[in-house]
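# Remarks on the overall topology
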Amino acid sequence: MSSSGVEQGVAVAESEPPRGNRSRFAFACAILASMTSIILGYDIGVMSGAAIFIKDDLKLSDVQLEILMGILNIYSLVGSGAAGRTSDWIGRRYTIVLAGAFFFCGALLMGFATNYPFIMVGRFVAGIGVGYAMMIAPVYTAEVAPASSRGFLSSFPEIFINIGILLGYVSNYFFAKLPEHIGWRFMLGIGAVPSVFLALGVLAMPESPRWLVLQGRLGDAFKVLDRISNTKEEAISRLEDIKRAAGIPEDMTDDLLATVAVGVVKTLFILVGTCVVDRFGRRALLLTSMGGMFVSLTALGTSLTVIDRNPGQTLKWAIGLSVTTVMTFVAAFSIGAGPVTWVYCSEIFPVRLRAQGASLGVMLNRLMSGIIGMTFLSLSKGLTIGGAFLLFAGVAFAAWVFFFTFLPETRGIPLEEMETLFGSYSANKKKNVSRKGKEVVDEQ
């Protein structure tokens, strides 16, 4: 949110009529999130009754049975340990969905188990789901709840654990009347049902505003805060507090407008690059593109480093430079490296290797995109965010040198004559065959 946007929001807040108690929405979100704790409670309750039938049906020893009953808590360490990084990556809401998915699969595996190792696999999968659920429910609730009722709402998971235990007891009572080899399977398998309702309930839940701010989605964060705050003024105040805690400058442009601007710039320059690639050539566009990317990334990394080293100060020139260089980077990428990469990959290979070569190019492109996406946060924490962009600037410079040194111009050259620029595959193959034949003759 920009400062002007905050002022406009305050003005609207002063003129709008009271909107009622919006904490009811936060209350509903806390209930839905805390329902994930039901799965732990249900497992505790249902295993107390199902254990007897499992022991008799699968012919388990006392040691095997006690391990089976208690191992879920050990397995849950895997889920709770991974839940923090997962929720930072995909968001709190989808982590809840993931917890439900794990327990759903685990419950089905346990219900269909035919032997001890099989049911232990189900316990492992369900345990991961329990670990995820126990971590994410209080975190999501705390981040959604207003400060005045955070303690009350954050205690809900414990309430739902006990509700789950009660449901487990009820399940034992009803399914115990079935034959021994079927009853315990229903007791465990029916635990998949709460997971389905949980996944459906998540559709009505907003994402955590704290996570949205950390992702730079300030507009989406404000929409959520507006729904759980009693007034727009309160929502604006809470957003500014979150931004301040996250280290985001208060004068930063709202991400919705910035995203639209980036999209417009990207689209326009891709169209420009597409239209002029046959006029100015591949090599010229690639060198111009990589040069512009290098300059933009260098300026962006420098400005972000200055901002990072001056906490508490609003350096408008550095913020403005950061926004500008993001735009210039997108423009430089879109006019050359974006569209020309696919043109080059599709035309430089000989006919027999063209499909394989283009396929390899796509694979490497997606692989590098995935690596950058999965390591950027770690890089920004290890090198600072400015250092991460300076590292990318170094990569862009190395790419410029490589393109300048090795890449020939392919504009206007027929595909069948492309081998003359890079070497003839067929000629090299014949040369290798004749060389091997000559070696055989010499040996004879």
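Residues numbered from 1 in each chain as written. Predicted model: local features only at pLDDT ≥ 70, side-chain atom pairs only at ≥ 80, totals over all residues. Heavy atoms only, no water.

## Regarding the overall build of the protein chain
Assigned secondary structure in the protein chain consists of 20 helices and 0 strands. Burial analysis of the protein chain (444 residues in total) assigns 41% to the buried set. The contacts in the protein chain between residues at least 6 apart in sequence include a share of 77% that link residues at least 24 apart. Here the protein chain has roughly 23,300 Å² of accessible surface; of this, 68% comes from carbon and sulfur atoms. (Helix = DSSP H or I, 4+ residues; strand = E, 2+ residues; numbered from the N terminus. Buried < 20%, exposed > 50% of the residue type's maximum accessible area, 1.4 Å probe, protein only. Contact = heavy atoms within 4.5 Å. Areas by Shrake-Rupley, 256 points an atom, 1.4 Å probe, with all protein chains shown as cover.)

## Re a nonpolar patch on the surface
Taken together, the side chains of F104, L108, F112, I190, V193, V196, F197, L200 and L203 make up a nonpolar region of the molecular surface, amounting to roughly 850 Å² of accessible area. Those elements giving two or more residues to the nonpolar patch turn out to be helix 5 (92–111) and helix 10 (192–202). If you tally residues by element for the nonpolar patch, the top one is helix 10, at 4 residues. (Patch = residues over 30% accessible without salt bridge, like charges linked within 9 Å, V, L, I, M, F, W, Y side chains within 5 Å. Salt bridge = Lys/Arg side-chain N within 4 Å of Asp/Glu carboxyl O.)

## Notes on the layout of surface pockets
Within this model, the second largest pocket holds a volume of roughly 160 Å³. Breaking the lining of the second largest pocket down by element, the ones donating at least two residues are helix 3 (38–58), helix 8 (156–175) and helix 10. Among the elements that make up the lining of the second largest pocket, the one with the highest residue count is helix 10 (3 residues). Considered class by class, the residues forming the lining of the second largest pocket number 8 nonpolar, 1 polar and no charged. (1 Å grid on protein atoms, 1.4 Å probe; cavity = no way out; pocket = protein on both sides within 12 Å on 5 of 7 lines; lining within 4 Å. Points joined across faces, edges and corners; volume = space filled by probe spheres on them. Nonpolar A, V, L, I, M, F, W, Y, C, P; charged D, E, K, R; others polar.)

## Here we look at the pattern of salt bridges
Taken as a whole, this structure holds 7 salt bridges when the rule is applied. For the salt bridge of K232 with D226, the shortest nitrogen-to-oxygen distance reads 3.3 Å. Here the two residues K232 and D226 agree in accessibility, since each one is buried. Across the pair E234 and R238 runs a salt bridge whose closest N-O atoms are separated by 3.9 Å. Taken together, the residues span about one helical turn, with E234 and R238 both in helix 13 (residues 232–246) at a distance of 4 residues.

## A few points about helix 5
Counted at 1.5 Å a residue, the expected span for helix 5 with its 20 residues is 28 Å, and the 29 Å between its end C-alpha atoms agrees. Of the positions making up helix 5, those classed as buried are R92, R93, T95, I96, A99, G100, F103, G106, A107, M110 and G111. Angularly, the buried residues of helix 5 cover 165° about the axis, an arc narrow enough to put them on a single face. (Expected span 1.5 Å × (residues − 1). Arc of directions from axis to C-beta.)

## Considering the nonpolar core
Core analysis: the largest hydrophobic core is formed by 58 residues, its most contacted members being I54, L68, I96, I119, Y140, W184 and L188. Looking at this core, the element that brings in the most residues is helix 6 (residues 116–144), giving 12 residues. Those residues in contact with Y140 that lie beyond four places of it in its chain are C29, A33, R92, I96, M205, P206, E207 and S208. One finds L297, L300, Y344 and F392 within the second-largest nonpolar core, a separate group that totals 21 residues. (Core = buried A, V, L, I, M, F, W, Y, C linked by side-chain atoms within 4.5 Å.)

## Side note on the confidence of the model for the protein chain
Here the protein chain shows a mean pLDDT of 77. Residues at 70 or above account for 79%. Across the protein chain, helix 18 (residues 385–406) holds the top mean pLDDT of 90, while helix 1 (residues 3–15) sits lowest at 42. Taken together, the stretch residues 1–20 has pLDDT below 50 and engages in 30 contacts with residues farther than four places along the chain or on a different chain. (pLDDT = per-residue confidence, 0-100.)

## Looking at unusual backbone geometry
One non-glycine residue, K59, adopts positive backbone phi at about 55°. The residue K59 is located in the loop between helix 3 and helix 4 (62–90) in this model. Among the residues examined, K59 registers a relative accessible area of 65% and is labelled exposed. Of note in the backbone geometry, T384 takes a positive phi value of approximately 75° without being a glycine. Here T384 is to be found in the loop between helix 17 (354–383) and helix 18.

## Quick look at the side chain of D43
Structurally, D43 is set in helix 3. You can call D43 buried: its relative accessible area is 4%. In this structure the side chain of D43 is engaged in a polar contact, spanning 2.5 Å, whose partner is the side chain of R123. In contact with D43, not counting residues within four places along its chain, are L72, M110 and R123. (Polar contact = N/O pair within 3.5 Å; in protein donor to acceptor, adjacent residues only side chain to side chain.)

## A look at the packing of helix 3 against helix 4
One way to put it is that helix 3 packs onto helix 4 with a least axis distance of 10 Å and a crossing angle of 165°. Between helix 3 and helix 4, the angle falls in the class roughly antiparallel. Judged by the sense of rotation from one axis to the other, the crossing of helix 3 with helix 4 is right-handed. On helix 4, the residues that touch L40, D43, M47, S48, A51, I54 and K55 of helix 3 are D62, L65, L68, M69 and L72. In terms of residue class, the contact of helix 3 with helix 4 is built from 8 nonpolar, 1 polar and 3 charged. (Axes fitted to C-alpha atoms, helices over the stretch in contact; angles between N-to-C directions. Parallel < 35°, antiparallel > 145°, perpendicular 65-115°, else oblique. Left-handed = near helix turned anticlockwise from the far one by under 90°.)

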